[in-house]
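Next come the chains, spelled out residue by residue.
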Amino acid sequence: MKNINYLITVLFFLTYGLFAQGKVLLEKKEEIFALKVAFITNKLPLTSSEAEKFWPIYNAFEDKQFELKHEKSMVILKKMDNETLNKMSEKEAGLLLSKMEANEDEIIQMRKKLFISLKPILSQVKLLKLKKAEEEFNRRLLFQYMKKGSRN
């Protein structure tokens with residue numbers, strides 16, 4: 001009976017820890033997205049009509065992209081630790097590579113659909129400005145991450 005209580009306590013703390021990690025990841029995602037929205041808003045001059053149509057489409061794309069990059073990719077990355085890779089057969093490796101490629105293809109297809117959806121809303125110049133703003137934001141985010149890492 002004592003062991004069962006101990007086991008329940010341990011499981012509770014493990015579950016709570018996983019929940020807390022997920023909550024921190026979600027908070028970071030929301031924080032980064034808020035910064036990205038502000039950055040894009042500053043770089044991409046949208047009319048109120050354009051913004052009203054643009055943001056729901058863009059937000060849905062970002063949510064789906066996050067899901068693909070993090071949820072699906074995490075399943076793949078868990079299989080890529082050294083011990084698992086060293087024990088993996090060529091067939092298993094081929095299947096994992098196929099899953100990775102399919103995930104990347106899905107992200108590329110989503111981006112194409114995003115731009116197709118945005119073409120009736122934004123001019124082509126504004127679509128290029130969006131792409132440029134996204135890339136600039138990602139570079140700055142990476143730079144901040146590298147800068148933060150060098151302080152540790």
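Residues numbered from 1 in each chain as written. Predicted model: local features only at pLDDT ≥ 70, side-chain atom pairs only at ≥ 80, totals over all residues. Heavy atoms only, no water.

Before going further, it helps to spend a moment on helix 4 (residues 90–118). Since the α-helix advances by 3.6 residues per turn, residues separated by three or four positions end up pointing in the same direction. End to end, helix 4 covers 42 Å across 29 residues, agreeing with the expected 42 Å (1.5 Å per residue, within 8%). Those residues of helix 4 that fall on the buried side of the exposure criterion are Leu96, Asn103, Ile107, Met110, Arg111, Leu114, Phe115 and Leu118. (Helix = DSSP H or I, 4+ residues; strand = E, 2+ residues; numbered from the N terminus. Expected span 1.5 Å × (residues − 1). Buried < 20%, exposed > 50% of the residue type's maximum accessible area, 1.4 Å probe, protein only.)

To continue, consider the confidence of the model for the chain. Per-residue confidence for the chain gives a mean pLDDT of 81; residues scoring 70 or more make up 82%. The secondary-structure element of the chain with the lowest mean pLDDT is helix 1 (residues 2–43), recorded at 64, while helix 4 shows the highest, at 91. Scored below 50 in pLDDT, residues 1–20 shows zero contacts in the model against residues more than four places distant or in partner chains. (pLDDT = per-residue confidence, 0-100. Contact = heavy atoms within 4.5 Å.)

Here we come to the side chain of Glu136. Inspection of the secondary structure puts Glu136 in helix 5 (residues 124–151). By relative accessible area, Glu136 is classed as buried at 15%. Contacts of Glu136, omitting those with residues within four sequence positions, involve Phe39 and Lys43.

Before going further, it helps to spend a moment on the nonpolar core. Formed by 19 residues in total, the largest nonpolar core has its most connected members in Ile40, Phe54, Tyr58, Leu118 and Leu130. For this core, the secondary structure elements donating two or more residues are helix 1, helix 2 (48–78), helix 4 and helix 5. Those residues within four positions of Phe54 in sequence are excluded, and the remaining contacts are Leu44, Leu46, Leu118, Ile121, Leu122 and Leu130. (Core = buried A, V, L, I, M, F, W, Y, C linked by side-chain atoms within 4.5 Å.)

Counting across every chain of the model gives eight salt bridges. Across the pair Lys28 and Glu31 runs a salt bridge whose closest N-O atoms are separated by 3.9 Å. Of the two residues, Lys28 and Glu31 both sit in helix 1, three residues apart, roughly one turn of that helix. Lys28 sits in the partly exposed class, given a relative accessible area of 42%. Taking relative accessible area as the criterion, Glu31 reaches 44% and is therefore assigned partly exposed. Among the salt bridges present, the one from Glu136 reaches Arg140, with a minimum N-O distance of 2.9 Å. Taken as a pair, Glu136 and Arg140 lie in helix 5 at a separation of four residues, close to a single helical turn. (Salt bridge = Lys/Arg side-chain N within 4 Å of Asp/Glu carboxyl O.)

Time to look at the packing of aromatic side chains. As enumerated under the stated definition, the model contains five aromatic pairs in all. A ring pair is formed by Phe39 and Phe137, whose centres lie 5.8 Å apart and whose planes are at 55°; its orientation type is tilted. Taken together, the positions of Phe39 in helix 1 and Phe137 in helix 5 put the pair 98 residues apart, joining distant regions of the chain. Comparing Phe39 with Phe137, the two get one shared label, buried. An angle of 20° between the planes, with centres 5.2 Å apart, marks the rings of Phe54 and Tyr58 as stacked. Here Phe54 and its partner Tyr58 are both found in helix 2, four residues apart, which amounts to about one turn of the helix. (Phe/Tyr/Trp six-rings, centres within 6.5 Å; stacked < 30°, edge-to-face > 60°.)

Turning our attention to the side chain of Glu134. With respect to the element layout, Glu134 can be found in helix 5. Judged by its relative accessible area of 3%, Glu134 falls in the buried class. At 3.0 Å, the side chain of Glu134 forms a polar contact with the side chain of Arg111. Other than its neighbours up to four places away in sequence, Glu134 contacts Lys36, Ile40, Tyr58, Glu62 and Arg111. (Polar contact = N/O pair within 3.5 Å; in protein donor to acceptor, adjacent residues only side chain to side chain.)

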